[in-house]
Amino acid sequence: MLSARGAMANFHLALIQLHVSTVKSDNLNKACGLIRKATAQGAKVVVLPECFNSPYSTKYFSEYAEKIPGESTQKLSEVAKECGIYLIGGSIPEEDAGKLYNTCTVFGPDGAMLAKHRKIHLFDINVPGKIQFRESETLSPGNSFSVFDTPYCKVGLGICYDIRFAELAQIYTQKGCQLLVYPGAFNMTTGPAHWELLQRGRAVDNQVYVATASPARDEKASYIAWGHSSVVNPWGEVIAKAGTEETVIYTDIDLKKLAEVRQQIPILTQKRSDLYSVEAKRE
């Protein structure tokens, strides 16, 4: 179905909730196999989880880090071209000029890299008696917004902790994004408390679709991911949700629904720019 502007009004989205092991080659091969499976089910946009090629831990980031382009991104480029899809490649530890980043790459149906998002907000938290984690011990933050176009809609990228910052989602909405994608690995403390809440908040605040792709839960890992990869629509409804196991979930992104929500409750045109604003300081 075409919208009034000539873009496709809906498309099939797949989120891959991958069980990540300590063997990088196994992670890459399994990810590519699940991407092919998702494509066979009609997915046009496929999303991998945060740190899909590496265990999520500061002690592993330097060991698994790669240049971009490198082994993992080459595999993603090849499978995106083979399948003719838009592939949001979760994230990998990236090494560049002596610094490490948590980086998401996106590839188009021709295998070309369309975007590279370095996680902007580093996950440094301390919840006494429950979890302490400091990405900044090994990682550096990114300093740019990441938006790419598809024939369906414009997509904005964040990684995990980025979802907590409402301003980022607002800026992406100002840039015309209708889908926000956050590969993420919330944990057993923050997951049950905030994972779904934040997705629904970003979706309702901006009247956009929000998709999150988590690693599958591994109770034996040093960092245990919450799982529950999800998609939330602009009305704040969870329209697809995984459990904790390795799986692929699917949903249709209906941009006609998005337009209806914005027409019914027109908050984006009712903002009081004479009283407040959220603006990008750099592109």
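Reading guide: rules and limits
Residues numbered from 1 in each chain as written. Predicted model: local features only at pLDDT ≥ 70, side-chain atom pairs only at ≥ 80, totals over all residues. Heavy atoms only, no water. Helix = DSSP H or I, 4+ residues; strand = E, 2+ residues; numbered from the N terminus. Buried < 20%, exposed > 50% of the residue type's maximum accessible area, 1.4 Å probe, protein only. Contact = heavy atoms within 4.5 Å. Areas by Shrake-Rupley, 256 points an atom, 1.4 Å probe, with all protein chains shown as cover. Lys, Arg positive; Asp, Glu negative; His and termini not counted. Charge placed at Lys NZ, Arg CZ, Asp CG, Glu CD. Pairing = 2+ DSSP bridges. pLDDT = per-residue confidence, 0-100. Polar contact = N/O pair within 3.5 Å; in protein donor to acceptor, adjacent residues only side chain to side chain. Salt bridge = Lys/Arg side-chain N within 4 Å of Asp/Glu carboxyl O. Phe/Tyr/Trp six-rings, centres within 6.5 Å; stacked < 30°, edge-to-face > 60°. Disulfide = S-S within 2.5 Å. Core = buried A, V, L, I, M, F, W, Y, C linked by side-chain atoms within 4.5 Å.

1. Points about the overall build of the protein
In terms of helices and strands, the protein carries seven helices and 15 strands. On the principal axes, the C-alpha backbone points of the protein span a range of 50 × 45 × 35 Å. Sorting the 283 residues of the protein into buried and exposed places 53% on the buried side. Residue pairs at least 24 apart in sequence account for 68% of intrachain contacts in the protein once pairs closer than 6 positions are excluded. Only carbon and sulfur atoms are counted for the fraction: they give 49% of the accessible area of the protein, which is about 12400 Å². The averaged location of the 30 negative side-chain charges in the protein is 3 Å from the averaged location of its 31 positive side-chain charges.

2. Points about the pairing of strand 4 (residues 92-96)
The pairing of strand 4 with strand 5 (residues 99-107) spans five bridges and is classified as antiparallel. Pairing of Pro 93 across the sheet is with Asn 102, part of strand 5. Counting the residues between successive antiparallel strands, the hairpin from strand 4 to strand 5 contains two residues, one of them, Ala 97, with a positive phi of roughly 55 degrees.

3. A short note on the pairing of strand 14 (residues 238-241)
Relative to strand 14, strand 13 (residues 230-232) runs antiparallel, the two being bridged by three bridges. From the neighbouring strand, Ser 230 faces strand 14, where its bridge partner is Lys 241. Turn length for the strand 13-strand 14 hairpin, with the two strands adjacent in sequence and antiparallel, is five residues, and the turn residue Gly 236 shows positive phi of about 90 degrees.

4. Section: the confidence of the model for the protein
When pLDDT is averaged along the protein, the result is 96, and 98% of the positions lie at 70 or above. Mean pLDDT values over the elements of the protein span from 90, in strand 8 (residues 131-134), up to 99, in strand 3 (residues 86-88).

5. With respect to the environment of Glu 94
Mapped onto the elements, Glu 94 comes out in strand 4. On the accessibility criterion, Glu 94 (1% relative accessible area) is buried. The sequence separation of Glu 94 and Thr 39 amounts to 55 residues, and the corresponding C-alpha distance is 27 Å. Leave out the neighbours within four places in its chain, and Glu 94 touches Ala 65, Glu 66, Ile 68, Lys 99, Leu 100, Tyr 101, Thr 103, Lys 116 and Arg 118. Reaching out from Glu 94, the side chain makes a polar contact with the side chain of Lys 116 at a distance of 3.2 Å.

6. A closer look at the pattern of salt bridges
Enumeration according to the criterion identifies 16 salt bridges in this entry. Where Arg 118 meets Asp 96, a salt bridge forms, and the shortest distance between an N and an O atom there is 3.0 Å. A residue pair is termed long-range when its members are at least 10 positions apart, and Arg 118 in strand 6 (residues 113-118) and Asp 96 in strand 4 qualify at 22 residues. Arg 272 is the partner of Asp 274 in a salt bridge, and the nearest nitrogen-oxygen pair spans 2.7 Å. Using a relative accessible area of 54% as the deciding quantity, one classes Asp 274 as exposed. By relative accessible area, which is 40% here, Arg 272 ends up partly exposed.

7. So, the side chain of Ser 140
Secondary-structure assignment places Ser 140 in the loop between strand 8 and strand 9 (147-149). The contacts of Ser 140, once residues within four sequence positions are left out, are Lys 99, Leu 100, Tyr 101 and Leu 122.

8. Looking at the packing of aromatic side chains
On inspection of all chains with the given rule, the structure shows 12 aromatic pairs. Between Phe 123 and Phe 133, the aromatic rings sit 5.5 Å apart at their centres with planes inclined by 35 degrees, giving tilted as the arrangement. You can see Phe 123 sitting in the loop between strand 6 and strand 7 (124-127) and its partner Phe 133 sitting in strand 8, a full 10 residues away along the chain. Taken together, the ring pairs connect Tyr 56, Phe 61, Phe 123, Phe 133, Tyr 161, Phe 165 and Tyr 223 into an aromatic cluster.

9. Quick word on the state of the cysteines
Counted under the stated rule, the structure contains zero disulfides. Considering cysteine sulfurs only, Cys 32 is the nearest to Cys 83, which forms no disulfide, with 8.5 Å between them. For Cys 83, a relative accessible area of 17% corresponds to the buried category.

10. Thoughts on the nonpolar core
Core analysis: the biggest nonpolar cluster contains 45 residues, and Leu 13 and Ile 88 have the highest contact counts within it. When residues in this core are grouped by element, the largest group, five residues, is from strand 11 (residues 177-183). If near-sequence neighbours (up to four positions away) are discounted, Leu 13 is found in contact with Val 45, Val 47, Ala 211, Val 231, Ile 249, Tyr 250, Thr 251 and Ile 253. Formed by 24 residues, the second largest nonpolar core is a distinct cluster that contains Ile 16, Ala 31, Leu 48 and Ile 68.

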